[in-house]
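# Topology and contacts: notes
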Amino acid sequence: MRTAHRVTDVVDAETPLLAAGVPLMERASFALALAVASDLRARRGRVVGARIGVLVGGGNNGGDALIAAAHLARRGAAVEIVGVGRAMHEAGAARARAAGARFLDADQDAGELAGRLAGCAALLDGITGIGASSGLRGRALEVVTALRGAMASRPRGERPWVVAVDVPSGVGVDDGALPEGVLPADRTVTMGTAKPALLLPPAEVAAGEVTTVALGLDLTGASHAVVRLEAGDLAEEWAVPGPADHKYTRGVLGIAAGSDTYPGAAVLATSAAVRAGAGMVRYAGPDAAAAQVLTRHPEVVRGLGEADQVGRVQAWLLGSGVGAGDTERLAWLERTLTHAVERGIPVVADAGALAVLPERLPATVLLTPHAGELAGLLAARDPRAGWDRARVEALPVRALRRAVDLTGATVLLKGATTLVAGPSGPVHSQAEATPWLGTAGAGDVLAGLAGMVLASRAGDLTGAGADPELTARLGAVAASVHGRAARRAAGVEGAAGVEASRTRRAPAGGSVGGPITALDVAEALPSVIRDLLDGTLGG
Ligand SMILES: NC(=O)C1=CN([C@@H]2O[C@H](COP(=O)(O)OP(=O)(O)OC[C@H]3O[C@@H](n4cnc5c(N)ncnc54)[C@H](O)[C@@H]3O)[C@@H](O)[C@H]2O)[C@@H](O)CC1
Ligand SMILES: [K+]
């Protein structure tokens, strides 16, 4: 599990150590210099003689960068320092100077400065860290903007290796905002614990590879702001049948997906659910779609009539492939959702079901909007806040949290990185998907998979003493398994391929894979789940 902590919690954890005289900045800057040196050796063979540009702001983030600059200068690098803040960490500057680093004229033309920096082997971004609000200003913004331009005009292989100190300067550290004027990093060396922006869209793409320096902070009392589940965590949450289990104890999922207009959603959602190991699927949709489902999956049972006539289900998937004009189906979905909520049955509410939500919902209802649907939901319930798709994409965590507050439900926001949060607990951020997954029907597969995961853990979700954060965690499990199945189907291979999928940059090796259909993703589920349980799935 990867985790991140909020700025206030990091500051609270640092304070007693600083009061006790623990040299946190020494530790941070030494580890930073080691990381830069190791990257330089890997990329160029040596540190001696390498030109390293250091962008320094006025606070302790600049202090970290200056002391690291001193270490690198002592190892023989040609270090050039550019101050872009009103002040400069004095002790750090003195050490850098004493070690032989050069201070460039900070007032020179930003374009000239940028041209010089763009020719360096490596750049350290030590302008702002956790002490600044989102968005660089003034001279810092001017220099970074010029530098981004100068770097963009060079061939990719001739651009400097960028290492961000703690966070890429200017990102919204806690909310993951990515304003104009952030220098995208190849690596971020983060101090003590990862910061939310390093795991959250849209800022995470500017972080590159993240290295966390252990500073000895005691964060045991602080809650996680962001959690990213890894393979071992998924396996722990996955319900594995025992000898006493049978189809009813393994979880019966009711699926009301698909319509005469979109019958394919029924096939995709049921395929995902049965391939992910549902004990039973009851399909409660229109006849034409049901015929297609049964042709492909004879194991599916039809559920006819109203919710109380369908037969026992432990969870529902409602709404995939039901359009806004399908008033009869929407009315049925609304009645079924109410019925399920009254009985404490977990629900995945997707697509059409998002249009028929009651005012308040329990956390065991998992809404699965994409950015446009979330914008619609927020615009309807919070009309004066100006929510639209662009705003949701720029501030996805805020949009997610707002939707949770307004509905009471657990919300899963689909995207290249999928975010899930409930009324309590962290934001889950799962980034395993490949861009190939952005294809029609992929959401129906996720919905069926998520419904099956909730059905298989229904007892834990609703029993006495149920963990109120479990729905969000299981939503994250589904999102991660969905992304991993997409990677497998697409043939994304090797760390480089995975990294390229995440950062949308060209890989140095491995394979970025090729096109897939939504059904391919459903069909990859059994082998991914098997590897997950065998412990052979990485990451
Ligand atoms: N506090 C600690 O114990 C430790 C802090 N460390 C480092 O210190 C950093 C935090 O240092 P600070 O609290 O001094 O704050 P920062 O250095 O993150 O930021 C404050 C500085 O940025 C300037 N600034 C603020 N907003 C700006 C904007 N929008 N555009 C341009 N400049 C802006 C301020 O004028 C000030 O000079 C951490 O991120 C980390 O790098 C590490 O050395 C580890 C220990
Ligand atoms: K920084």
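The name that an unreviewed UniProt entry assigns to the protein is Bifunctional NAD(P)H-hydrate repair enzyme, with the source organism given as Serinibacter salmoneus.

When helices and strands are tallied, the protein shows 19 helices and 18 strands. The globule rule puts the C-alpha radius of gyration for 539 residues at 24 Å, and the 25 Å found for the protein is close to it. For the C-alpha atoms alone, the extent of the protein along its principal axes is close to 80 × 45 × 40 Å. Buried positions account for 56% of the 539 residues belonging to the protein. The long-range fraction of contacts in the protein, counting pairs at least 24 apart against all pairs at least 6 apart in sequence, stands at 71%. Summed over all atoms, the accessible surface of the protein reaches about 21000 Å², with 52% contributed by carbon and sulfur. Separation of charge centres in the protein, based on 52 positive and 55 negative side chains, amounts to 5 Å.

Coordination of the potassium ion (ligand 2) by the protein comes from N61 (OD1), D125 (O), T128 (O), V165 (O), V167 (O) and S169 (OG), over a distance range of 2.6 to 2.9 Å. Seen from the potassium ion (ligand 2), its six donor atoms lie at angles of 71 to 175°, and the figure they make is irregular. Going along the chain, you hit the donors of the potassium ion (ligand 2) in the pattern N-x63-D-x2-T-x36-V-x1-V-x1-S. Pair noted here: N61 is in helix α3 (residues 60-74) and S169 is in the loop between β6 (161-165) and β7 (187-191), with a separation of 108 residues, a long-range link. Of the two residues examined, N61 and S169, each falls in the buried class.

Attention now moves to helix α17 (residues 470-490). The end-to-end C-alpha distance of α17, which contains 21 residues, comes to 30 Å, matching closely the 30 Å that a straight helix rising 1.5 Å per residue would cover. Counting buried positions along α17 yields 18 of 21 residues, so the element is predominantly enclosed. Once α17 finishes, G491 follows within two positions and takes phi at roughly 80°, a positive value.

The local shell around ligand 1 holds 20 residues, among which E14, D64, G129, G135 and D166 are the closest. In the environment of ligand 1, an oxygen atom lies 2.4 Å from a nitrogen or oxygen atom belonging to the side chain of D64. Interatomic distance of 2.5 Å between a side-chain N/O atom of D166 and an oxygen atom of ligand 1. When isolated, ligand 1 has an accessible area of 860 Å², and the protein chains bury 79% of it. Every element with two or more residues in the shell around ligand 1 is listed here: α1 (7-19), α2 (24-44) and α3. Among the elements that take part in the shell around ligand 1, α3 stands out by supplying three residues, more than any other.

On to the sheet that holds strand β8 (residues 209-213), then. Strand order in the open sheet made by the seven strands is β4-β3-β2-β5-β6-β7-β8, with parallel pairing throughout. Every other strand in the sheet has two partners, leaving β4 (102-103) and β8 as the edge strands with one partner each. Alignment of strand β5 (residues 122-126) against β6, held across four bridges, turns out to be parallel. Bridging from a neighbouring strand, A122 pairs with W161 of β6.

This paragraph deals with the UniProt feature "binding site: AMP" (unreviewed entry) in the protein. Following the UniProt record, one finds the feature "binding site: AMP" (unreviewed entry) at K414, G415, A416, T417, T418 and G443. Of the residues just listed, which span 30 residues, no C-alpha pair is farther apart than 13.4 Å, and they cluster in one region. Tracing the backbone through its elements, the reader meets K414 in the loop between β16 (410-413) and β17 (418-421). The residues touching K414, leaving out its near neighbours within four places in the chain, are D350, T368, P369, H370, A371, G443 and L446. For K414, the side chain forms a polar contact with the side chain of D350, separated by 3.3 Å. Considering the arrangement of structural elements, one finds T417 in the loop between β16 and β17. Taking relative accessible area as the criterion, T417 reaches 7% and is therefore assigned buried. Beyond its immediate stretch of four places on either side in the chain, T417 contacts P201, E204, R228, S429, Q430 and A431. In terms of polar contacts, T417 uses its side chain to reach the side chain of E204, at 2.4 Å.

UniProt's entry tags N61, D125 and S169 with the feature "binding site: K(+)" (unreviewed entry), counted in the numbering of this structure. Sequence-wise these annotated residues cover 109 residues; spatially they are packed, their C-alpha atoms never more than 9.2 Å apart. Setting aside residues no more than four positions away along its own chain, D125 makes contact with L55, N61, V163, A164, V165, V167, P168, S169 and L183. Sequence-distant contacts of S169, defined by excluding residues within four places in its chain, comprise N61, D125, G126, I127, T128, L136, G181 and V182.

Scanning the entire structure with this criterion turns up one aromatic pair. Ring geometry for W316 and W332: centres 5.9 Å apart, planes at 80°, overall edge-to-face. Taken as a pair, W316 in strand β13 (residues 315-318) and W332 in helix α11 (residues 327-342) lie far apart in primary sequence, 16 residues in all. Accessibility classification places W316 together with W332 in one group, the buried group. Note that R329 overlies the ring of W332, its terminal NZ or CZ placed 4.7 Å from the centroid. Directly above the aromatic system of W387 lies the positively charged group of R391, at a separation of 4.2 Å from the ring centroid.

Splitting the protein by domain gives domain 1 (2-228) and domain 2 (232-236 + 250-534). The straight-line distance from the C-alpha centre of domain 1 to that of domain 2 is 38 Å. Tallying the contact residues gives 19 residues for domain 1 and 20 residues for domain 2. Between domain 1 and domain 2 lies a buried interface of about 1500 Å² when both sides are counted; carbon and sulfur atoms form 47% of it.

Definitions and limits used
Residues numbered from 1 in each chain as written. Chains lettered and ligands numbered in written order. Predicted model: local features only at pLDDT ≥ 70, side-chain atom pairs only at ≥ 80, totals over all residues. Heavy atoms only, no water. Helix = DSSP H or I, 4+ residues; strand = E, 2+ residues; numbered from the N terminus. Rg over C-alpha atoms; globule rule 2.2 N^0.38 Å. Buried < 20%, exposed > 50% of the residue type's maximum accessible area, 1.4 Å probe, protein only. Contact = heavy atoms within 4.5 Å. Areas by Shrake-Rupley, 256 points an atom, 1.4 Å probe, with all protein chains shown as cover. Lys, Arg positive; Asp, Glu negative; His and termini not counted. Charge placed at Lys NZ, Arg CZ, Asp CG, Glu CD. Donors = N, O, S within 2.8 Å, 3.2 Å for Na, K, Ca; no water. Tetrahedral: all angles 85-135°; square planar, octahedral: opposite > 155°, others 65-115°. Expected span 1.5 Å × (residues − 1). Near = heavy atom within 4 Å. Polar contact = N/O pair within 3.5 Å; in protein donor to acceptor, adjacent residues only side chain to side chain. Pairing = 2+ DSSP bridges. UniProt positions renumbered as here; feature names shortened; annotations may be inferred. Phe/Tyr/Trp six-rings, centres within 6.5 Å; stacked < 30°, edge-to-face > 60°. Lys NZ or Arg CZ within 6 Å of the ring centre and 35° of its normal. Domains from an automatic or database assignment. Buried area = accessible area lost by both parts, 1.4 Å probe.

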